[in-house]
Amino acid sequence: MTNDLDALLTALYVKFDDEITDTRWLGRPPRLTDSELVCLAVAQAMLGFTSESRWLRFVHSRLGAMFPFVPKQPGWNKRLWAALPLVKRAIRLLATDTDFWFDNHWIIDSTPVECGHSDAPADGAGSQGQQGVPERGPGSRAAWSRGLRGQCPGR
């Protein structure tokens, strides 16, 4: 397995171009196709870019050869919002290609509990905060423990 960004983007583009065949535009074709737009949007999420301006600067500097035309930020936002159904289809398409899609295990997010504190009494008795003051407020460890016990009744 390689960590080549160009190979990843090429594979994403080919996958989306083959699977997403909707033509949404009348008149002359856009300079950035829907497949290219969706590929860049998914790559932005995969690479962890939360700032669109930083992402567009990265695309212009690093991926300019692969994507010769990428609109400026206002045009990017306009095209991306218009292509939201295509982006959703592309993400679902990628999800169905993974082994986890048909697996009977669910991956869920849970509340982090410090080691040794998950077996606190459900009523909060004995839960002492700093300087021996019992913690019984809604943000205390005992409250988190009660919430976890309420979500996991089989324990």
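Refer to the preceding data block for the structure.
Procedures and definitions
Residues numbered from 1 in each chain as written. Predicted model: local features only at pLDDT ≥ 70, side-chain atom pairs only at ≥ 80, totals over all residues. Heavy atoms only, no water. Helix = DSSP H or I, 4+ residues; strand = E, 2+ residues; numbered from the N terminus. Buried < 20%, exposed > 50% of the residue type's maximum accessible area, 1.4 Å probe, protein only. Contact = heavy atoms within 4.5 Å. Areas by Shrake-Rupley, 256 points an atom, 1.4 Å probe, with all protein chains shown as cover. Core = buried A, V, L, I, M, F, W, Y, C linked by side-chain atoms within 4.5 Å. Salt bridge = Lys/Arg side-chain N within 4 Å of Asp/Glu carboxyl O. Patch = residues over 30% accessible without salt bridge, like charges linked within 9 Å, V, L, I, M, F, W, Y side chains within 5 Å. Axes fitted to C-alpha atoms, helices over the stretch in contact; angles between N-to-C directions. Parallel < 35°, antiparallel > 145°, perpendicular 65-115°, else oblique. Left-handed = near helix turned anticlockwise from the far one by under 90°.

(A) Main features of the overall build of the chain. Helices and strands together make up the secondary structure of the chain, namely 6 helices and 0 strands. Overall, the chain shows an N-to-C arrangement of helices and strands of α-α-α-α-α-α. Across the 155 residues in the chain, those meeting the buried criterion constitute 26%. In the chain, once contacts between residues fewer than 6 apart in sequence are set aside, the share between residues at least 24 apart is 58%. Surface summary for the chain: the accessible area is close to 11,200 Å², and the carbon and sulfur share equals 57%.

(B) Layout of the environment of Ala83. Inspection of the secondary structure assignment puts Ala83 in the loop between α4 (73–82) and α5 (84–96). A residue is classified by how much of its surface remains accessible, and Ala83, at 0% relative accessible area, is buried. Considering only alpha carbons, one finds Ala83 and Leu37, 46 residues apart in sequence, at a separation of 8.2 Å.

(C) Expanded view of the nonpolar core. Membership of the largest hydrophobic core comes to 26 residues, with the highest contact counts inside it found for Leu9, Phe16, Val38, Leu40, Trp55, Leu63 and Trp76. Breaking this core down by element, the ones donating at least two residues are α1 (5–19), α2 (34–47), α3 (52–62), α4 and α5. It is α2 that contributes the most residues to this core, 7 residues altogether. When neighbours within four sequence positions are excluded, Phe16 is seen to be in contact with Ser35, Val38, Cys39, Val42, Ala90, Leu93 and Leu94.

(D) Local environment of the pattern of salt bridges. Enumeration according to the criterion identifies 3 salt bridges in this entry. Asp6 is the partner of Arg62 in a salt bridge, and the nearest nitrogen-oxygen pair spans 3.5 Å. Taken as a pair, Arg62 in helix α3 and Asp6 in helix α1 lie far apart in primary sequence, 56 residues in all. For Asp6, a relative accessible area of 29% corresponds to the partly exposed category. Between Asp34 and Arg79 there is a salt bridge, with its nearest N and O atoms 3.2 Å apart. With Asp34 in helix α2 and Arg79 in helix α4, this residue pair connects regions lying 45 residues apart in the sequence. Assigned by exposure class, Asp34 and Arg79 land together as buried.

(E) Expanded view of a nonpolar patch on the surface. A cluster of nonpolar residues, Leu8, Met46 and Leu47, forms a patch on the protein surface that exposes about 250 Å² of accessible area. Residue classification places Leu47 among the partly exposed positions, given a relative accessible area of 38%.

(F) Quick peek at the packing of α1 against α2. Orientation of α1 relative to α2, taken along the N-to-C sense of each, is 135°, at an axis distance of 9 Å. In this view, α1 runs oblique relative to α2, as classed from their interaxial angle. Where α1 crosses over α2, the handedness of that crossing is right-handed. Where α1 approaches α2, its residues Leu5, Leu9, Leu12, Tyr13, Phe16 and Asp17 are matched on the opposing element by Ser35, Glu36, Val38, Cys39, Val42, Ala43, Met46 and Leu47.

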